[in-house]
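# Fold and geometry: a report
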Amino acid sequence: MVELLAPAGNFISLRAVLENGADAVYFGLDDYNMRANAKNFSLDDLSRISEIASDYNAKTYLCTNTILKEDKIIELNKNLERISSSEIDGLILSDIGLIEQTVSNGLEAHVSVQENVTNSYTLKTLHKLGAKRAILSRELSLDEITEITKKSPIETEIFIHGAMCMAISGRCFLSYGLYGRSANCGDCLQPCRKNWTLTFEESQNDAVSNTSEVSDESFIISQSYDDSYRTNFFSPKDMCLIEHIPELMKSGVSSFKIEGRARAPDYGAMVTGIYKQAIDSYLDSPDDYEVNPKWIEELKSVFNRGFDTGFYFDTPFETSETNQSKFIKKDIGQVVNYYNKVKVAELRVWDDLKIGDRIMIQGETTGSITHTVDSMQIEGKDVNNVSKNSNVGVLMPTKVRKNDFVYKLIERSQQ
């Protein structure tokens, strides 16, 4: 049985992905992971994470996958016993120097994609050191992944959805060179996502040709007023493999990983839920498996930069634009109370709300749920719309909690 591994950047995201079928979650600590700009967790939070995950029979993996200099690796090593006592299942390590200590503290050692594992020889060496799993390099094709996994003495894991990086398995120095903020220490400012200006100097000796299989000039987006070209050629599209579940399942890989610890809880909820449906559908009837077009549309509804399949089937060439999700979230209110017997949520709203609006409610225990408003009341009377600064009862079949955040989902075409 393949594991569906989902990201958690905070407690709301944690609950959201677990509610939507994650078999395991991964998350980071301040100073030790590749998402320094995410909220992250503290050592004191780990026991609570374990308790929540155990309610869903889900495993827990702590990311410690930055470049660790001497002071940081000493500090992390000292904290291993405390991490183990919190009943976290394992550590994702970018430094093989801590594999032995991790295992001796009763934790699984998973080797990060930052180690750029690309062959079975490395996997056999990692096995000797005590590693239980390795996340394979993003630059491998699916055929290569299948071949390596067959020879591997340890579990393998691959990314199946989320942001892709311009650098080899994320080893990049662009942010550090421009801003002094190191991507390899989890502090990337993502200059690759910006709009760049492309210029070049011509000479008689220049022989410029397009050697790719792409016939059009897909990297050039627009010509600027000064005759230079604006381009996002550093910024790849997001990975999306929802249409290739059968091939992935046949690869022998132990874990499918969703990228996105820095993204919103609704992103984690949606993506996890869709891939869970797809995997379950395949397991129920492999010979009759079909991709549901609705899955792709729903994946497009949350943050994305367009979709690509990375190196799995070909070399990616298309560059991304900005967020291409169909909806934006507008903060409109907060939950005041939830009445279980009648399944009504009392909302305090500071923006307009009407029948037919699609809302999203998020909270640490609720996770992230979406709902189309089909019944509202004020003081026991049915209403079709409410104005800002009102309290309103909304029929809500799924339980929500006091102080949960309320957002209205607005189609970008309506902006």
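Residues numbered from 1 in each chain as written. Predicted model: local features only at pLDDT ≥ 70, side-chain atom pairs only at ≥ 80, totals over all residues. Heavy atoms only, no water.

### Digging into the overall build of the protein
Rules: Numbering of helices and strands runs from the N terminus; a helix is a DSSP stretch of H or I covering at least four residues, while a strand is a stretch of E covering at least two. The buried label goes to any residue with under 20% of its type's maximum accessible area, the exposed label to any with over 50%, and the partly exposed label to all in between, with areas taken from a 1.4 Å probe on protein chains only. It only takes one pair of heavy atoms within 4.5 Å for two residues to be counted as in contact. Per-residue and other accessible areas follow the Shrake-Rupley method at a 1.4 Å probe size, with only the shown protein chains counted as cover for residues.
For the protein, the count of helices and strands is 10 helices and 23 strands. For the protein, the proportion of its 415 residues judged to be buried stands at 49%. Within the protein, contacts between residues at least 6 apart in sequence are counted, and of these 68% link residues at least 24 apart. For the protein, the exposed area adds up to about 20,800 Å²; of that, 46% sits on carbon and sulfur atoms.

### Side note on the sheet that holds strand 22 (residues 390–395)
Spelled out, the test is: Note on pairing: two strands pair once DSSP finds at least 2 bridges between them. Between N-to-C directions, angles cover 0 to 180 degrees, with each direction set by a line fitted to C-alpha atoms, over the stretch in contact for helices.
Across the sheet, which stays open at both edges, the eight strands sit in the order 18-17-23-14-15-22-19-20 with antiparallel pairing between neighbours. Taken across any chain shown, the strands that pair with only one partner, and hence form the sheet edges, are strand 18 (367–372) and strand 20 (381–383). Direction aside, neighbouring strands of the sheet carry axes that sit 40° apart on average. One ladder, built from two bridges, connects strand 19 (residues 376–378) with strand 22; its direction is antiparallel. Its bridge partner lying in strand 22, M376 is registered against V394.

### Some points on the confidence of the model for the protein
To be explicit about the condition: pLDDT expresses, on a scale from 0 to 100, how confident the predictor is about each individual residue.
Per-residue confidence for the protein gives a mean pLDDT of 86, with 82% of residues at or over 70. Across residues 208–226 the pLDDT falls below 50, and counting only partners more than four positions away or on other chains, this stretch makes 22 contacts in the model.

### Things to note about the environment of H127
One can find H127 in helix 5 (residues 120–129). Residue H127 is classed as partly exposed on the basis of its relative accessible area of 41%. Apart from residues lying up to four places away in sequence, H127 is in contact with P153 and I154.

### Observations concerning the pattern of salt bridges
How we decide: Salt bridge, as used here, is a side-chain nitrogen of Lys or Arg placed within 4 Å of a carboxyl oxygen of Asp or Glu.
What the rule picks out here adds up to 18 salt bridges. Across the pair E364 and R48 runs a salt bridge, and its minimum N-O distance is 2.9 Å. On the criterion of sequence distance, the pair formed by E364 in the loop between strand 17 (358–363) and strand 18 and R48 in helix 2 (residues 46–54) is long-range, its members being 316 residues apart. We classify R48 as partly exposed; its relative accessible area is 37%. Two residues, D351 and K330, come together in a salt bridge whose shortest N-O distance is 2.8 Å. Of this pair, D351 sits in the loop between strand 15 (344–349) and strand 16 (353–354) while K330 sits in strand 14 (residues 327–339); the two residues are 21 residues apart in sequence, bridging distant segments of the chain. Connected through salt bridges with shared partners, the residues E3, R133, E155, E157 and K257 form a single ionic network.

### Details of the packing of aromatic side chains
Two aromatic rings, taken as a pair, are described by how far apart their centres are and by the angle between their planes. To keep things clear, this is the line we draw: In summary, the pairing rule links any two rings of Phe, Tyr or Trp, Trp by its six-membered ring, whose centres are within 6.5 Å, and it sorts them by plane angle into stacked for under 30 degrees, edge-to-face for over 60 and tilted for everything else. Comment: the charge-over-ring label is applied if NZ (Lys) or CZ (Arg) is within 6 Å of the ring centre and within 35 degrees of the ring normal.
Under the defined criterion, the tally for this structure stands at four aromatic pairs. Ring centres of Y282 and Y289 lie 5.8 Å apart, and the angle between their planes is 75°; this geometry places the pair in the edge-to-face category. The exposure classification of Y282 matches that of Y289, with both residues buried. Above the plane of the ring of Y407 lies K329, whose end atom (NZ or CZ) is 4.9 Å from the centre.

### Points about the packing of helix 1 (residues 11–19) against helix 2
For clarity, the threshold we go by: For this classification, under 35 degrees means roughly parallel, over 145 means roughly antiparallel, 65 to 115 means roughly perpendicular, and everything else is oblique. Crossings are sorted by hand: turned counterclockwise from the far helix by less than a right angle, the near helix makes the crossing left-handed, and turned clockwise it makes it right-handed.
At a closest axis distance of 10 Å, the pairing of helix 1 and helix 2 adopts a crossing angle of 20°. Between helix 1 and helix 2, the angle falls in the class roughly parallel. In this structure, helix 1 meets helix 2 at a crossing whose hand is right-handed. For the pair helix 1 and helix 2, contact is made by F11, L14, R15 and L18 and by R48, I49, I52 and A53, respectively.

### Observations regarding helix 1
Worth spelling out the cut-off: We define a polar contact as two N or O atoms separated by no more than 3.5 Å, with the added condition that, inside protein, one atom must be a possible hydrogen donor and the other a possible acceptor, whereas residues neighbouring each other in sequence contribute only through side-chain atom pairs.
The element helix 1 is extensively covered by neighbouring structure, given that eight of its nine residues are classed as buried. Where helix 1 is concerned, the buried positions are F11, I12, S13, L14, R15, A16, V17 and L18. Capping of helix 1 at its N-terminal end is provided by N10; its side-chain oxygen lies 3.0 Å from the backbone amide nitrogen of I12. Two residues or fewer after helix 1 comes G21, characterised by a positive phi angle close to 105°.

### Re a nonpolar patch on the surface
So the rule is basically this: Only residues above 30% relative accessible area that lack a salt bridge enter a patch, with like-charged residues linked at up to 9 Å and the nonpolar side chains Val, Leu, Ile, Met, Phe, Trp and Tyr linked at up to 5 Å.
Nonpolar side chains collect at one region of the surface, where L178, Y179 and L189 lie side by side and expose about 260 Å² of accessible area between them. Examined against the element boundaries, L178 turns out to sit in helix 7 (residues 174–179).

### Here we look at unusual backbone geometry
With a phi angle near 55°, K343 is a residue other than glycine that sits in the positive phi range. Position of K343 relative to the elements: it lies in the loop between strand 14 and strand 15.

### Topic: the packing of helix 9 (residues 265–284) against helix 10 (residues 293–301)
Our working rule: Ten residue types, Ala, Val, Leu, Ile, Met, Phe, Trp, Tyr, Cys and Pro, are classed as nonpolar, four, Asp, Glu, Lys and Arg, as charged, and the remainder, Gly among them, as polar.
Orientation of helix 9 relative to helix 10, taken along the N-to-C sense of each, is 165°, at an axis distance of 9 Å. As the angle between them shows, helix 9 and helix 10 are arranged roughly antiparallel. Taken as a pair, helix 9 and helix 10 cross one another with a handedness that is left-handed. Where helix 9 abuts helix 10, its residues M270, V271, I274, Y275, Q277, A278 and S281 lie against W295, E298, L299 and S301. In the contact of helix 9 with helix 10, the residues fall into seven nonpolar, three polar and one charged.

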